[in-house]
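Spelled out from the first residue to the last, the chains are:
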Amino acid sequence: MNAGIIGIGRYLPEQIVTNHELEQRMDTTDEWIRTRTGIEERRIASDEVDTSRMAIEAAKTAIAGAGVDPAEIGMILVATVTPDKGFPSVASMIQQEVGAVNAAAMDLSAACAGFMYGLATAKQFIEGGVYSHILVVGVEKLSKITDWEDRNTAVLFGDGAGAAVVSEVSEGRGILSIELGTDGRGGKYLFQDGPYIAMNGREVFKFAVRQMGESAENVLKKAGLTKEDIDLLVPHQANIRIMESSRNRLELPEHKMSKTVHKYGNTSSASIPISLVEELEKGKIRDDDLIVMVGFGGGLTWGAIAMRWGK
Ligand code: UT7
């Protein structure tokens, strides 16, 4: 039995904050942000829209797209580092709102690799025959843990949510291979201790460049595939320079890498599902395409998945 994505959705807050607006608020320039990160604008959620609200909207779209009765969902997994409250979990809040009355619900904390951890966990429960449908959500309201006085981090992040229903799919399709990893020694390079995110950008950058390429190659190898088989690389959208280094290592043409960082900034665990929806809407993902997704982030954590698209 193979587990794969049968429905997907996203939510992006309406408010767009451009680099030019940030120029007015702090000592930075549009030119610096664009050339160092590839980001041109990001979405910021209003005070009324908390993490759970974004997650619920994305989840409803994913469930409707999957055509699944919410009562058939066996589990809800939410990857987030910005829950509304310490508890209850965002997953519990979604459970109630979408009517997933039979679902177990929990949040998981693996920072920007969280959606990969969620999909990988869902795969085990589906293929083990425990549940028929699992809702996996990546959602962040990073704006509430961003120090708007710190130009080193404030220009990087954005808010948003992405959700996927994971279920049994036909033979040959679905999640073909996974790789998850953690190096706790690097925890000191990216963390939240107190109200705001703290980051050593250069160290995270070096780690990301190495890890993204390695993990992508590892999942291909595990699936018995090569880089020539990739139809679309969907990397975590943190920095265009990191993304380009993985694309070059995998020798992929520009059109074979998803790029949404310019519009949404770094939305952490939400960036990969948000990008999947974007590419589907553009018609760039078709049934039987080989998709390689790679995430990395605080922990330090990483995760990669090779997936053959389609039900
Ligand atoms: O999801 C995972 C989360 N994190 C990441 O993926 C981050 C990975 N790292 C990065 O993306 C990059 O390291 C950054 C974009 C954060 C920084 O780029 P960089 O090329 O590594 O720059 P840097 O940290 O080496 O800083 C270069 C200069 C510094 O000035 P000095 O010390 O050379 O005079 C910074 O103070 O750029 C300065 N700087 C800025 N200047 C204008 C830092 N932030 C800004 C800014 N505007 N917003």
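Note that the structure is a prediction, hence the values are computed from the model and not measured.

When you go through the protein chain residue by residue, the secondary structure sums to ten helices and 13 strands. When its C-alpha atoms are laid out on the principal axes, the protein chain stretches across 55 × 45 × 40 Å. Long-range pairs, those at least 24 residues apart, make up 77% of the contacts in the protein chain with a sequence separation of at least 6.

As a further point, take the domain arrangement of the protein chain. We note that the domain assignment places domain 1 (2-169) and domain 2 (174-308) within the protein chain. Each of domain 1 and domain 2 has a C-alpha centre, and these two points are 15 Å apart. Each side of the interface is counted separately: domain 1 has 51 residues, and domain 2 has 45 residues. Here domain 1 and domain 2 share an interface that buries about 3700 Å² over both sides, 66% of which is from carbon and sulfur atoms. By the criterion of area lost to domain 2, the three top residues of domain 1 are R10, C112 and M116, representing 19% of everything that side buries. Between domain 1 and domain 2 we count two salt bridges in total. Measuring nitrogen to oxygen at the nearest pair gives 3.3 Å for the salt bridge that ties R10 to E281. Between the two partners, domain 1 and domain 2, sit 20 residue pairs in polar contact (both at pLDDT 80 or more). The set of elements that each furnish at least two residues to the side of domain 1 that touches domain 2 consists of β1 (2-11), α2 (30-37), β3 (41-43), α5 (114-127), β6 (133-141), α6 (151-154) and β7 (159-169). For the side of domain 1 that touches domain 2, the element with the highest residue contribution is α5, accounting for nine residues. Looking at the side of domain 1 that touches domain 2 residue by residue, the classes come out as 24 nonpolar, 15 polar and twelve charged.

Here the focus is the sheet that holds strand β11 (residues 232-235). If you trace the four strands from one edge of the open sheet to the other, you get β8-β13-β12-β11, paired in mixed fashion. Unpaired on one side and paired on the other, β8 (174-182) and β11 mark the two borders of the sheet. Across this sheet, the average inter-strand angle for adjacent strands is 10°, counted without regard to direction. Here β11 pairs with strand β12 (residues 290-297) via four bridges, running parallel.

Within the structure, the ligand sits among 22 residues, and T28, R36, R202, N239 and N266 are positioned closest to it. N239 has a polar side-chain atom sitting 2.7 Å from an oxygen atom of the ligand. The side chain of N266 places a nitrogen or oxygen atom 2.8 Å from an oxygen atom of the ligand. When isolated, the ligand has an accessible area of 950 Å², and the protein chains bury 77% of it. At a threshold of 2 Å from the grid points, most atoms of the ligand map onto the largest pocket. Counting residues per element, the ones that place at least two in the shell around the ligand are α2, α6, α7 (201-222) and α8 (240-249). When residues of the shell around the ligand are assigned to their parent elements, the largest contribution, four residues, is made by α7. Built from parts of two domains, the shell around the ligand gets at least three residues from each of domain 1 (2-169) and domain 2 (174-308).

The next thing to look at is the layout of surface pockets. The computed volume of the largest pocket comes to approximately 790 Å³. In terms of lining, the largest pocket is formed by 34 residues, of which the most central are L156, F157, M199, G201 and V204. Only α2, β9 (190-192), β10 (197-199), α7, α8 and β12 provide two or more residues apiece to the lining of the largest pocket. Residue composition of the lining of the largest pocket, by class: 18 nonpolar, 13 polar and three charged. Residue-level mapping places the lining of the largest pocket at the junction of two domains, with at least three residues from each of domain 1 (2-169) and domain 2 (174-308).

Further remarks concern the pairing of β12. Most of β12 is tucked away, with eight of its eight residues classed as buried. Neither face of β12 is open: one carries L290, V292, V294 and F296, the other I291, M293, G295 and G297, and all of them are buried. The sheet contact formed by β12 and strand β13 (residues 301-308) spans eight bridges and is antiparallel. Note that in β13 the partner of V294 across the bridge is A304.

A few words now on the nonpolar core. If you look at the biggest cluster of nonpolar residues, it comprises 40 residues, and the most contacted ones within it are L220, I230, L233, L250, V292, V294 and F296. Within the residue set of this core, elements represented by two or more residues are α7, α8, β12 and β13. Element by element, the count of residues in this core is highest for α7, at seven residues. Built from parts of two domains, this core gets at least three residues from each of domain 1 (2-169) and domain 2 (174-308).

The rules we used
Residues numbered from 1 in each chain as written. Predicted model: local features only at pLDDT ≥ 70, side-chain atom pairs only at ≥ 80, totals over all residues. Heavy atoms only, no water. Helix = DSSP H or I, 4+ residues; strand = E, 2+ residues; numbered from the N terminus. Contact = heavy atoms within 4.5 Å. Domains from an automatic or database assignment. Buried area = accessible area lost by both parts, 1.4 Å probe. Salt bridge = Lys/Arg side-chain N within 4 Å of Asp/Glu carboxyl O. Polar contact = N/O pair within 3.5 Å; in protein donor to acceptor, adjacent residues only side chain to side chain. Nonpolar A, V, L, I, M, F, W, Y, C, P; charged D, E, K, R; others polar. Pairing = 2+ DSSP bridges. Axes fitted to C-alpha atoms, helices over the stretch in contact; angles between N-to-C directions. Near = heavy atom within 4 Å. Areas by Shrake-Rupley, 256 points an atom, 1.4 Å probe, with all protein chains shown as cover. 1 Å grid on protein atoms, 1.4 Å probe; cavity = no way out; pocket = protein on both sides within 12 Å on 5 of 7 lines; lining within 4 Å. Sits in = over half its atoms within 2 Å of the grid points. Points joined across faces, edges and corners; volume = space filled by probe spheres on them. Buried < 20%, exposed > 50% of the residue type's maximum accessible area, 1.4 Å probe, protein only. Core = buried A, V, L, I, M, F, W, Y, C linked by side-chain atoms within 4.5 Å.

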